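# Report on the structure
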Amino acid sequence: MDVSQRYREAWEGFWAATSDAPGEAIWDADPSLSAVPHSELLLPYADAALPVVDLGCGNGTQTRYLATRFARAIGVDLSHAAIGHARRADTEGVAEFAQLDLTDGDAVRALHERVGDANVYMRAVIHQSEAGARPAVAAAVATLLGERGRAFVAELTPASKDVLQRASQGPDGPPEKLRRVFEHGLKPAGATEEEVPDLLRAAGLTTLDSGETALPQTEKLPDGTRIDLPARWFVLAAARSGQPGTG
């Protein structure tokens, strides 16, 4: 299934209306809170000599960090405007960026053919994808891994909805960065508790490690504490690679 025109335009509109300033997107956390600890979970299982592909890279904040840990870093995003942000922010040219629709199987396979087996970093993409597109997103991870790649996938759990509801109950309603997410028709924490592991398993991925975490945001709750959204993380391999796993 291709993503709908509405979904595509929602993301294009969001990124077109977002400035280049770091942290302007609510999920644009500093790498020290995101890609740094996530890399420490992935690297014991991954070959850092392989490229890493950051799926749903947005403005490339995490991609640029990943470029310091892997031989090559490629950030891809559905939104052309997001890729523009990423390229402008990468003033030293440490990473590569390209527009990619993860539900376009031909385009995903073409990327795999171009870069070979790769590691994958994907943070909070499945949960906000349209329900019908989620299997294709999971399949894209498997395609890019090939035999040798390993993936780190972190996805919000339904408990995140409660945190977002609390964040919206201040006297002025949702804080500005969260309000922009809603105004552009984006729907965080849309996947059910078991949907993500089921999708990953159905895509031919096996779980090498997993756990609970929180994804820090760049906004605060009404009481002034940072919004941290409950999530689950998975380190994955293609089942055909013969790696033992629990998935």
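The structure we're discussing is the one just above.
Residues numbered from 1 in each chain as written. Predicted model: local features only at pLDDT ≥ 70, side-chain atom pairs only at ≥ 80, totals over all residues. Heavy atoms only, no water.

Turning next to the sheet that holds strand S3 (residues 96-99). Within the open sheet, the 7 strands sit side by side as S3-S2-S1-S4-S5-S7-S6. Their pairing is mixed. Of all the strands in the sheet, just S3 and strand S6 (205-220) have a single pairing partner and so form its edges. Neighbour-to-neighbour, the strand axes of the sheet open up by a mean angle of 20°, direction not taken into account. Pairing of strand S2 (residues 73-77) with S3, which is carried by 4 bridges, proceeds in the parallel orientation. The residue of S3 that forms the bridge with Ile74 is Glu96. Taken strand by strand, helix H6 (residues 134-145) contacts strand S1 (52-55), strand S4 (119-123), strand S5 (151-156), S6 and strand S7 (226-238), and its axis lies near 155° from that of S4. (Pairing = 2+ DSSP bridges. Helix = DSSP H or I, 4+ residues; strand = E, 2+ residues; numbered from the N terminus. Axes fitted to C-alpha atoms, helices over the stretch in contact; angles between N-to-C directions. Contact = heavy atoms within 4.5 Å.)

Another aspect to go through is helix H4 (residues 80-89). Of all the positions in H4, only Ala81, Ala82, Ile83, His85 and Ala86 are classed as buried. Residues of H4 that are buried sit in contact with helix H1 (5-16), S2 and S3. The opening residue of H4, the one whose side-chain oxygen lies 3.2 Å from the backbone nitrogen of Ala81, is Ser79. (Buried < 20%, exposed > 50% of the residue type's maximum accessible area, 1.4 Å probe, protein only. Polar contact = N/O pair within 3.5 Å; in protein donor to acceptor, adjacent residues only side chain to side chain.)

Let's shift gears to the environment of Gly149. Along the chain, Gly149 turns up in the loop between H6 and S5. Linking Gly149 and Leu236, residues 87 residues apart in sequence, is a C-alpha distance of 8.8 Å. Leave out the neighbours within four places in its chain, and Gly149 touches Leu50, Asp117, Ala118, Asn119, Leu236 and Ala237.

A two-sided burial pattern is seen for S1, the buried positions comprising Val52 and Asp54 on one face and Val53 and Leu55 on the other. Both S1 and S2 contribute to a ladder of 4 bridges, which runs parallel. Looking across to S2, one finds that Asp54 is bridged to Gly75. A crossover links S1 with its parallel partner S2, the connecting element being helix H3 (residues 61-66), and its sense is right-handed. Summarising the sheet, S1 and S4 pair through 4 bridges and their orientation is parallel. Following the sheet pairing, Val53 is matched in S4 by Val120. (Right-handed = clockwise from strand over helix to strand, strands pointing away.)

Attention now moves to the nonpolar core. Core analysis: the largest hydrophobic core is formed by 47 residues, its most contacted members being Trp11, Phe14, Trp15, Phe70 and Phe152. No other element matches S7, which puts 6 residues into this core. Residues contacting Phe152, with those up to four places away along its chain left out, are His38, Leu41, Leu42, Val120, Tyr121, Met122, Trp233, Phe234 and Val235. One finds Val115, Met122, Ala142 and Leu199 within the second-largest nonpolar core, a separate group that totals 30 residues. (Core = buried A, V, L, I, M, F, W, Y, C linked by side-chain atoms within 4.5 Å.)

Remark: helix H5 (residues 105-115) packs on H6, axes separated minimally by 9 Å, with the N-to-C direction vectors making an angle of 20°. Taken as axis vectors, H5 and H6 run roughly parallel relative to one another. Between H5 and H6 lies a crossing whose hand is right-handed. In this structure, H5 contributes Val108, Arg109, Leu111 and His112 to the contact, and H6 contributes Ala140, Thr143 and Leu144. When the residues that make up the contact of H5 with H6 are grouped by side-chain class, the tally is 4 nonpolar, 2 polar and 1 charged. (Parallel < 35°, antiparallel > 145°, perpendicular 65-115°, else oblique. Left-handed = near helix turned anticlockwise from the far one by under 90°. Nonpolar A, V, L, I, M, F, W, Y, C, P; charged D, E, K, R; others polar.)

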